[in-house]
Amino acid sequence: MPKAYAYTRYGGPDTETFVHVDGPSPGPGQILAAVRAAGVNPVDGKLRRSMRGPGDTGEPEFPIVLGNEATGVGEEVGEGVTGFAAGDAVFGNTVAGGYAEYAPLPAAGSARLPQKLSFTDAAVLPVAAATAYDGIRRLGLPAGATLLVTGAGGGAGVAAVRIARAFGLRVIGTASEGKKEFVEQLGAVHVAPGAELAARVRAVAPEGVDGVYDLVGGEALQEAATLLTDRSKLLSAGAPREIERLGGARVARARTAAVLDEVARLVVHGDLDPHVGRTFPSERAGEALRAVEEGHVRGKLVIEAGA
Ligand SMILES: NC(=O)c1ccc[n+]([C@@H]2O[C@H](COP(=O)([O-])OP(=O)(O)OC[C@H]3O[C@@H](n4cnc5c(N)ncnc54)[C@H](OP(=O)(O)O)[C@@H]3O)[C@@H](O)[C@H]2O)c1
């Protein structure tokens, strides 16, 4: 039976274990992929700790396989799937976990892997890069406008800086001192996070900022909000309750093939580097998630199958 890395109840890392799952088959509208690589994201740990969606009232069925994005080779397509066939190299959001030998992907939220893109690089596009893209599109700032990105050195932040630069925006990014050079190389003006962030941003942008894309929440978001009079240009991916209280919006995720095609195109054209910082063999999936849960990784981490 194929193996997967899952949690057996809600809680901390001690709930994680390898499990054997029944031979998976694709549901209607799904592609079953033999996984080659899976991206690791903060949300994987949040879900394990029982982060539930607003309408999410059903009883969970454990074990739950970790992971929310994967690349692989199509094994079988489910009823109603058009445009994909067994043998296709695909990447996408997952339906039931990506830290697995096999993962069903929704055809509507998956795309074919461009030839020039590796399985490993594409594995980090559906969550971090696509979220960055959705947010930048939603803000709709004109070329030449100034955008503040909090958490610019993290997985989504790196992508947000690069995508914003590709859209012609001037970007100011917050990151710890150790990531200053990294963030500057991405094309952002670096500012240190922490108390009195707004004053430091004003010092490098005396004319003000036109939008904020927050990827940190808490104090960073509260400080950043004071920089905007038009709160329709205040967006967060990481702090849903706070953002609503501050009059901004949480990023609405498209999760479409069109967005995946677009972020892949940006990578192939050299506008977006997936910035895979480290890869882990599937046996060390827990170690990869621990590193991400610490909250300060540089770029993205990937679990590679068969590595
Ligand atoms: N809604 C969605 O679909 C969606 C999708 C992707 C991500 N997200 C959310 O967006 C957030 C960021 O995701 P990510 O993948 O970019 O995470 P990440 O790779 O862990 O990066 C988080 C960044 O936040 C910074 N940070 C952490 N604690 C901080 C603090 N107290 N003050 C200032 N900066 C701090 C870190 O910067 P330094 O290392 O420089 O300290 C790090 O670079 C997470 O909450 C994630 O769940 C949501």
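Read on for a plain summary of the structure. All values reported here derive from a predicted model rather than from experimental measurement. (Residues numbered from 1 in each chain as written. Predicted model: local features only at pLDDT ≥ 70, side-chain atom pairs only at ≥ 80, totals over all residues. Heavy atoms only, no water.)

**Some words on the sheet that holds strand β4 (residues 64-65)**
Backbone hydrogen bonds hold the strands of a sheet together, and the pairing may be parallel or antiparallel. The strand order across the open sheet built from three strands is β2-β1-β4, with neighbouring strands paired in antiparallel fashion. Sheet topology places β2 (16-20) and β4 at the edges, where each strand pairs with a single neighbour. (Pairing = 2+ DSSP bridges. Helix = DSSP H or I, 4+ residues; strand = E, 2+ residues; numbered from the N terminus.)

**Regarding empty space enclosed by the protein**
Across all of its chains, the model carries one cavity of 30 Å³ or more by this definition. Of the pockets and cavities examined, the largest cavity occupies roughly 70 Å³. Residue lining of the largest cavity: 14 residues in total, with Gly-155, Ala-159, Asp-273, Pro-274 and Lys-300 positioned closest to the centre. When contributions to the lining of the largest cavity are tallied by element, the ones reaching two or more residues are α3 (125-139) and α4 (155-166). There are two domains that each give the lining of the largest cavity at least three residues, and those are domain 1 (3-124 + 274-304) and domain 2 (128-250). (1 Å grid on protein atoms, 1.4 Å probe; cavity = no way out; pocket = protein on both sides within 12 Å on 5 of 7 lines; lining within 4 Å. Points joined across faces, edges and corners; volume = space filled by probe spheres on them. Domains from an automatic or database assignment.)

**Quick word on the nonpolar core**
Grouped together as the largest cluster of nonpolar side chains are 46 residues, with contacts concentrated most on Leu-125, Leu-147, Ile-163 and Tyr-213. Those elements that place two or more of their residues in this core are α2 (119-122), α3, β9 (146-150), α4, α5 (180-186) and α9 (257-268). The element that contributes the greatest number of residues to this core is α3, accounting for seven residues. Of the domains in this structure, domain 1 (3-124 + 274-304) and domain 2 (128-250) are the two that each give at least three residues to this core. Among the nonpolar cores identified, the runner-up in size contains 18 residues, and Ile-172, Val-201, Ala-205 and Ala-225 belong to it. (Core = buried A, V, L, I, M, F, W, Y, C linked by side-chain atoms within 4.5 Å. Buried < 20%, exposed > 50% of the residue type's maximum accessible area, 1.4 Å probe, protein only.)

**Some details on the side chain of Asn-93**
Checked against the element boundaries, Asn-93 lands in strand β6 (residues 89-93). At 3.2 Å, the side chain of Asn-93 and the backbone oxygen of Gly-109 are in polar contact. Contacts of Asn-93, omitting those with residues within four sequence positions, involve Asn-68, Glu-69, Leu-105, Pro-106, Gly-109, Ser-110, Pro-126 and Arg-255. (Polar contact = N/O pair within 3.5 Å; in protein donor to acceptor, adjacent residues only side chain to side chain. Contact = heavy atoms within 4.5 Å.)

**Here we look at the pattern of salt bridges**
In total, this model carries 13 salt bridges according to the counting rule given. Residue Arg-253 is joined to Asp-134 by a salt bridge in which the shortest nitrogen-to-oxygen separation is 2.9 Å. With Arg-253 in the loop between β14 (249-250) and α9 and Asp-134 in helix α3, the pair connects residues that are 119 residues apart, well separated along the chain. According to the relative accessible area criterion, Arg-253 is partly exposed, its value standing at 21%. On the basis of relative accessible area, Asp-134 is assigned to the buried category, the value being 7%. (Salt bridge = Lys/Arg side-chain N within 4 Å of Asp/Glu carboxyl O.)

**Structural notes on the packing of α3 against α9**
If you want to describe how two helices pack, look at the angle between their axes and the distance between the axes. Packing of α3 against α9 brings their axes to within 10 Å, and their N-to-C directions diverge by 95°. One element, α3, and the other, α9, form an angle in the roughly perpendicular class. Between α3 and α9, the residues in contact are Leu-125, Pro-126, Ala-129, Ala-130, Tyr-133 and Asp-134 and Val-259, Leu-260, Glu-262, Val-263, Ala-264, Leu-266 and Val-267, respectively. Counted by class, the contact of α3 with α9 contains 11 nonpolar, no polar and two charged residues. (Axes fitted to C-alpha atoms, helices over the stretch in contact; angles between N-to-C directions. Parallel < 35°, antiparallel > 145°, perpendicular 65-115°, else oblique. Nonpolar A, V, L, I, M, F, W, Y, C, P; charged D, E, K, R; others polar.)

**Side note on the site of the ligand**
Close to the ligand lie 22 residues; Lys-46, Gly-155, Ser-176, Lys-179 and His-296 are nearest. Contacts to the ligand include Gly-154, whose backbone N or O atom sits 3.0 Å from an oxygen atom. Interatomic distance of 2.6 Å between a side-chain N/O atom of Lys-179 and an oxygen atom of the ligand. For the ligand, whose unbound accessible area comes to 920 Å², protein coverage reaches 79%. A total of three residues in the shell around the ligand trace back to one element, the largest contributor, which is α4. Across the shell around the ligand, the residue classes tally to eight nonpolar, 10 polar and four charged. (Near = heavy atom within 4 Å. Areas by Shrake-Rupley, 256 points an atom, 1.4 Å probe, with all protein chains shown as cover.)

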